[in-house]
4 protein chains.
Amino acid sequence: MSSKYKALKEECFEANIELNDLGLVIYTFGNVSAVDRDHGVFAIKPSGVPYEKLKPEDIVVLDYENNIVEGTMRPSSDTKTHAFLYKNWNHIGGIAHTHATYSVAWAQAQKDIPIFGTTHADHLTVDIPCAEPMNDSLIEGNYEHNTGIQIIDCFKERGLYPEEVEMILIGNHGPFAWGKTAAKAVYNSKVLETVAQMAYLTLQINPNATRLKDALIKKHYERKHGKNAYYGQ
Amino acid sequence: MSSKYKALKEECFEANIELNDLGLVIYTFGNVSAVDRDHGVFAIKPSGVPYEKLKPEDIVVLDYENNIVEGTMRPSSDTKTHAFLYKNWNHIGGIAHTHATYSVAWAQAQKDIPIFGTTHADHLTVDIPCAEPMNDSLIEGNYEHNTGIQIIDCFKERGLYPEEVEMILIGNHGPFAWGKTAAKAVYNSKVLETVAQMAYLTLQINPNATRLKDALIKKHYERKHGKNAYYGQ
Amino acid sequence: MSSKYKALKEECFEANIELNDLGLVIYTFGNVSAVDRDHGVFAIKPSGVPYEKLKPEDIVVLDYENNIVEGTMRPSSDTKTHAFLYKNWNHIGGIAHTHATYSVAWAQAQKDIPIFGTTHADHLTVDIPCAEPMNDSLIEGNYEHNTGIQIIDCFKERGLYPEEVEMILIGNHGPFAWGKTAAKAVYNSKVLETVAQMAYLTLQINPNATRLKDALIKKHYERKHGKNAYYGQ
Amino acid sequence: MSSKYKALKEECFEANIELNDLGLVIYTFGNVSAVDRDHGVFAIKPSGVPYEKLKPEDIVVLDYENNIVEGTMRPSSDTKTHAFLYKNWNHIGGIAHTHATYSVAWAQAQKDIPIFGTTHADHLTVDIPCAEPMNDSLIEGNYEHNTGIQIIDCFKERGLYPEEVEMILIGNHGPFAWGKTAAKAVYNSKVLETVAQMAYLTLQINPNATRLKDALIKKHYERKHGKNAYYGQ
């Protein structure tokens, strides 16, 4: 019997496979989800299943309160973080979490990634934020749910908008990225990893490297995302 | 109906695919063009089209004033830079632009790449120049056109000749490379990325590393490019 | 005639091939063994045989006193280390040794790998220990046997348990990892290499990076390995 | 008509292809030769031919005075260095030259590679020597011939034997490696590149890292190369 979430599960499956093909994960160190706003559900990778063995029918479908709607496997251990973000950020369509090497290194260093060049500015106009590690009481509580709170609080404190900044580092943990689709969330994870490596190398070559000037930040972001954007077809 | 620019578009297409195969680009972060001096036109990658989906017929043909001569897609957002270089540097046959990792790191560090060894000297006799970021008024103006001006001005100020130095870094942005053909421009992009990585590692191992001595610079360049060159067939 | 150790040799063979496929070894710089507790024997890679030429029937079977039970080839030169560990640590089922790049770099630096993030804490709750180089008299004696002593002594001195910490660095040499199966030992070798690279990059970005807070160490380890673990299927 | 050097040319061809497959060269940045001591000739890669297009019949055969004995193509521009080494070091059977990244970085840094661990000691018992850049008069003279002199002089000055130390870095240039066969020369090039990367990372992690203790150097070298070697089959 065919599932009414077949297309959603396929989207989620394809995005997870892409995450692996891009070299952003080893073993089971990552997960992607895709949301269906009409039905108020999202699809996510099952926990601990290697990418080589993953099948579209293994994907788990849940509502925003973490109730399983379809699927026989246990969902990703990070599911509550995804649910909280979907519930609070209405416009996002997909979320990806990885332990990609350079992104994790910046997260472990507890440093924002400075905006050093146009590769960065083509995607966002600010430093990539690194949220401080969680309070002990939150860790001991509903940890994955609280990771969602941690992300949203960080954005509020810094006056950032998830429509404009589609990625974050969690201090001592690693990156989350999102976007209008699951595929875009995976794309943003790859961009983040690339920008993280470039920024690392930049500081190795010149510890006094300066941030990109405002005029260039604006120009590059606008030509790709602005009202008069002229990038793409 | 067959295009009279079919061979030109094929050359441009092949060079773009090679750029991707060499690992110099991810997604759509790069573009290669090829010029036809007899007809006063050049062919360039369309904007925002992933390399896996690119077809020879997607390639756009323009004149040096950026008028589209053939093609239905929007050309690369960097097209005006290519046009300006073709218009002003009569001898070049192809141009490549990438966001390759080590090249970008040096560009973001706003440092010339010092000539540390014979791998570098086999290709050029000076440090690889890094042009300073553009003035704000030029950024807000005709940005991509002005990037062409920026490149040519940098060469004039430093007394460099584009026949001898076939590559440059744009501060906070990334590399441009050129050559007698589009394939040679791609080759130079790969050489630049390799030399950039070697120079980075050299300074990590020995922060006081010295530039290659003049006699070795001359010897290696001459044996490959001099009057009595004895490299190759 | 079929060997009663056929399954054991197959397990050992597959794990060795996986070690190579994961990029953890070049040439013959590594070896994996698998134990059969019922028969008191273990299977190990033959010495100096390239992975591309390795066949299941080449695998050598020995008892814990290093007597060959089955096989015509000379076993890995590190065999006595494996034998000593199997003899003294009853619960382990497989051991892997590599010269993987980042793991070796930390071993050569004679530094424990600090626990900087959750990728590390998902697998163990302490810094990855680096055992001091051996005394000269032990080196000149039964070297590989003494490497086994060196590992076990390091764990005793630090109060570590091999059930909880499934990896170690030998100063100036490289990593050993183990687990319930040979496949798990290989998995731990890959995790160690990944964590070693992340920790290296973390310190390059922030030389004052701090260790992961205790609450996060506990949380991440417990959710994967604790009584109420909710990771995996 | 069949050549009497067919087997020699095949050996040389295979070793050149292996150099490329191991990722030690890009484009034409390297060359391998193989010697036939009975006939007093050696076979070497032709100059400037990409590895993808190289065929066994392209290989050039020369005597130790650089006279072409067989072949229609121009030999590698480094041929005179190979010839000089074959003429002076009777026991070597193959030579490889590359511009591999980490090896070149150490050469550009003009530093010997310190012996930090057993991966290094498994192959040689001393730091990997880096020969000082050549005098200007030698550079302007018979450069490639003089590179051979430079290598042999460096070994004499340091009291090294090419049977025991099968690799060297030329300051500001790159590595040469040799061995009993062309395949062994390629193997040594890969070992050198690996050891170069490990040593670089070791110093990044611990700038005060100490050299491997003598007892371990001796033990590891002896178990692989000594009278009572017990490594391999």
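Cut-offs used in this document
- Along each chain, numbering runs from 1 in the same order as the chain's sequence is written.
- Key to labels: chains lettered from A, ligands numbered from 1, both in the order written.
- Since the coordinates come from a predicted model, pLDDT governs what is reported: local features require at least 70, and pairs of side-chain atoms require 80 or more to be given and counted, while whole-chain, interface and lining totals use all residues.
- Hydrogens and water molecules were not included; the side-chain quantities draw on all heavy atoms of the structure.
- Secondary structure elements are defined from DSSP: runs of H or I of at least 4 residues count as helices, runs of E of at least 2 residues count as strands, and each element is numbered from the N terminus.
- Each residue is assigned to one of three classes by its accessible area relative to the maximum for its type, calculated with a 1.4 Å probe on protein chains only: buried under 20%, partly exposed between the two thresholds, exposed over 50%.
- Between two residues, a contact is recorded if the distance between any of their heavy atoms is within 4.5 Å.
- By buried area we mean how much accessible surface two parts lose on assembly, using a 1.4 Å probe and totalling the loss over both.
- We count a salt bridge whenever a side-chain nitrogen from Lys or Arg sits within 4 Å of a carboxyl oxygen from Asp or Glu.
- We call two N or O atoms a polar contact when they sit within 3.5 Å, provided that within protein one can donate a hydrogen and the other can accept it, with sequence-adjacent residues counted only if both atoms are side-chain atoms.
- Think of it as three bins: nonpolar holds Ala, Val, Leu, Ile, Met, Phe, Trp, Tyr, Cys and Pro, charged holds Asp, Glu, Lys and Arg, and polar takes everything else, Gly as well.
- One requirement defines pairing of two strands: DSSP has to find at least two bridges between them.
- Inter-axis angles, ranging from 0 to 180 degrees, are taken between N-to-C directions of lines fitted to C-alpha atoms, where helices are fitted over the stretch in contact.
- Think of it this way: a Phe, Tyr or Trp ring, Trp meaning its six-membered ring, pairs with another when their centres are within 6.5 Å, and the plane angle makes it stacked under 30 degrees, edge-to-face over 60, tilted otherwise.
- Our definition puts a charge over a ring when NZ of Lys or CZ of Arg is within 6 Å of the ring centre and also within 35 degrees of the ring normal.
- Any angle that is under 35 degrees is reported as roughly parallel, and any over 145 degrees as roughly antiparallel; angles of 65 to 115 degrees are reported as roughly perpendicular and all others as oblique.
- The hand of a helix crossing depends on one turn: near helix anticlockwise from the far one by less than a right angle means left-handed, and clockwise means right-handed.
- UniProt positions are given in the numbering used here, feature names are shortened, and annotations may be inferred rather than shown by experiment.
- In superposing the copies, a least-squares fit is computed on C-alpha atoms, taking residues whose pLDDT is at least 70 in both.

**Let's talk about the environment of Gln150(B)**
All names here are of chain B.
And then number 1: Its place among the elements puts Gln150 in helix α6 (residues 143–158).
And then number 2: The class of Gln150 is buried, set by a relative accessible area of 11%.
And then number 3: Between the C-alpha atom of Gln150 and that of Phe116, which follows or precedes it by 34 residues, the distance is 26 Å.
And then number 4: Not counting the four nearest positions on each side in its chain, Gln150 is found in contact with Ala131, Glu132, Pro133, Met134 and Ile170.

**Some thoughts on the interface of chain C and chain A**
And then number 1: On the chain A side, the residues contacting the 36 residues of chain C number 35 residues.
And then number 2: Buried surface at the junction of chain C and chain A, summed over both partners, amounts to about 3100 Å²; 55% is from carbon and sulfur atoms.
And then number 3: Counting across the chain C and chain A interface gives three salt bridges.
And then number 4: With a closest N to O distance of 3.0 Å, Lys213(C) and Asp136(A) form a salt bridge.
And then number 5: Summed over the shared surface of chain C and chain A, the result is 18 residue pairs in polar contact (both at pLDDT 80 or more).
And then number 6: Elements with a minimum of two residues in the side of chain C that touches chain A: α4 (118–121), α7 (182–205) and α8 (214–225) of chain C.
And then number 7: Broken down by element, the residue count for the side of chain C that touches chain A peaks at 13 residues, all from α7(C).
And then number 8: Of the residues in the side of chain C that touches chain A, the class split is 17 nonpolar, 13 polar and six charged.

**Thoughts on the environment of Gly179(B)**
And then number 1: Mapping Gly179(B) onto the fold places it in strand β8 (residues 174–179).
And then number 2: Gly179(B) has contacts with Ile92(B), Gly93(B), Gly94(B), Glu166(B), Lys184(B), Ala185(B) and Asn188(B), leaving out every residue within four places of it along the chain.

**Notes on the sheet that holds strand β1 (residues 30–36) of chain B**
Residues and elements named next belong to chain B.
And then number 1: Read from one edge of the open sheet, eight strands run β4-β3-β2-β1-β5-β8-β7-β6, paired in mixed fashion. Each end of this open sheet is capped by a strand with a single partner; those strands are β4 (68–70) and β6 (130–131).
And then number 2: Note that strand β5 (residues 94–98) and β8 share four bridges and pair antiparallel. Its bridge partner being in β8, Gly94 is matched across the sheet by Gly179.
And then number 3: α6 rests against β6, β7 (167–170) and β8 of the sheet, and its axis sits at about 115° to β7.

**Let's talk about the packing of aromatic side chains**
The geometry of two aromatic rings is summed up by the distance between their centres and the angle between their planes.
And then number 1: Enumeration according to the criterion identifies 28 aromatic pairs over all chains in this entry.
And then number 2: Judged by centre distance (4.9 Å) and plane angle (55°), the rings of Trp89(D) and Trp178(D) are tilted. Highlighted residues: Trp89(D) in the loop between α2 (79–88) and β5 (94–98) and Trp178(D) in strand β8 (residues 174–179), separated in sequence by 89 residues. Per residue, the accessibility class of Trp89(D) equals that of Trp178(D), and both read buried.
And then number 3: Of the aromatic side chains, those joined through ring pairs into one cluster are Tyr27(A), Phe29(A) and Tyr187(C).
And then number 4: When the ring centre of Tyr231(A) is taken as reference, the NZ or CZ atom of Lys224(A) above it lies at 4.5 Å.

**Things to note about the pairing of strand β3 (residues 60–63) of chain B**
Residues and elements named next belong to chain B.
And then number 1: Where strand β2 (residues 41–44) and β3 come together, four bridges link them in antiparallel fashion. Across the sheet, Phe42 pairs through a bridge with Leu62, a residue of β3.
And then number 2: Note that β3 and β4 share two bridges and pair antiparallel. By the bridge assignment for β4, Leu62 is matched with Ile68.
And then number 3: Turn length for the β3-β4 hairpin, with the two strands adjacent in sequence and antiparallel, is four residues, and the turn residue Asn66 shows positive phi of about 75°.

**Examining the packing of helix α2 (residues 79–88) of chain C against helix α6 (residues 143–158) of chain C**
Residue and element names in this part refer to chain C.
And then number 1: At a minimum axis distance of 7 Å, the contact between α2 and α6 shows a crossing angle of 45°. Here α2 is positioned oblique relative to α6, judged by the angle of their axes. Every pair of crossing elements has a handedness; the one defined by α2 and α6 is right-handed. Each of Lys80, Thr81, Phe84, Leu85 and Asn88 in α2 lies in contact with α6, whose residues at this interface are Glu144, His145, Thr147, Gly148, Ile149, Ile151 and Ile152.
And then number 2: By residue class, the composition of the contact of α2 with α6 is five nonpolar, five polar and two charged.

**Some words on the UniProt feature "domain: Class II aldolase/adducin N-terminal" (unreviewed entry) in chain A**
And then number 1: When the UniProt feature table is mapped to this numbering, "domain: Class II aldolase/adducin N-terminal" (unreviewed entry) covers residues 10–200 of chain A.
And then number 2: Secondary structure across residues 10–200 of chain A comprises 39% helix and 18% strand; the distance between its end C-alpha atoms is 36 Å.

**Notes on the environment of Pro46(A)**
And then number 1: Tracing the backbone shows Pro46(A) in the loop between β2 (41–44) and β3 (60–63).
And then number 2: Under the relative-accessibility criterion, Pro46(A) is labelled buried at 1%.
And then number 3: Along the primary structure Pro46(A) and Ala177(A) are separated by 131 residues, whereas in three dimensions their C-alpha atoms are 19 Å apart.
And then number 4: Apart from residues no more than four positions distant in its own chain, Pro46(A) is found in contact with Leu54(A), Asp58(A), Ile59(A), Val60(A), Met73(A), Arg74(A), Pro75(A), Ser76(A) and Gln233(C).

**Observations regarding the relation of the copies chain D and chain B**
And then number 1: The operation relating chain D to chain B is a screw motion whose rotation component is 90°, with 0.0 Å of axial translation and a residual RMSD of 0.0 Å. This pairing of chains is accounted for by a four-fold axis. In terms of C-alpha distance to the rotation axis, chain D has Gln204(D) as its closest residue, with the C-alpha 5.6 Å off the axis.
And then number 2: Mapped onto chain B, only 6% of the interface residues of chain D are again interface residues, and the two copies thus contact each other with different surfaces.

**A short note on the relation of the copies chain C and chain A**
And then number 1: Superposing chain C onto chain A takes a rotation of 90° plus a shift of 0.0 Å along the axis, which leaves an RMSD of 0.0 Å.
And then number 2: Little of the interface of chain C is mirrored in chain A, where only 6% of its interface residues again form contacts.

**Quick word on the packing of helix α7 (residues 182–205) of chain A against helix α3 (residues 101–109) of chain B**
And then number 1: Running from N to C, α7(A) and α3(B) cross one another at 50°; their axes reach a closest spacing of 8 Å. Comparing the axis directions of α7(A) and α3(B) gives the class oblique. Considering only the axes of α7(A) and α3(B), their crossing is right-handed. Of the residues in α3(B), those in contact with Gln197(A), Met198(A), Ala199(A), Leu201(A), Thr202(A) and Ile205(A) of α7(A) are Thr101(B), Tyr102(B), Val104(B), Ala105(B), Trp106(B), Gln108(B) and Ala109(B).
And then number 2: Per-class residue counts for the contact of α7(A) with α3(B) are nine nonpolar, four polar and no charged.

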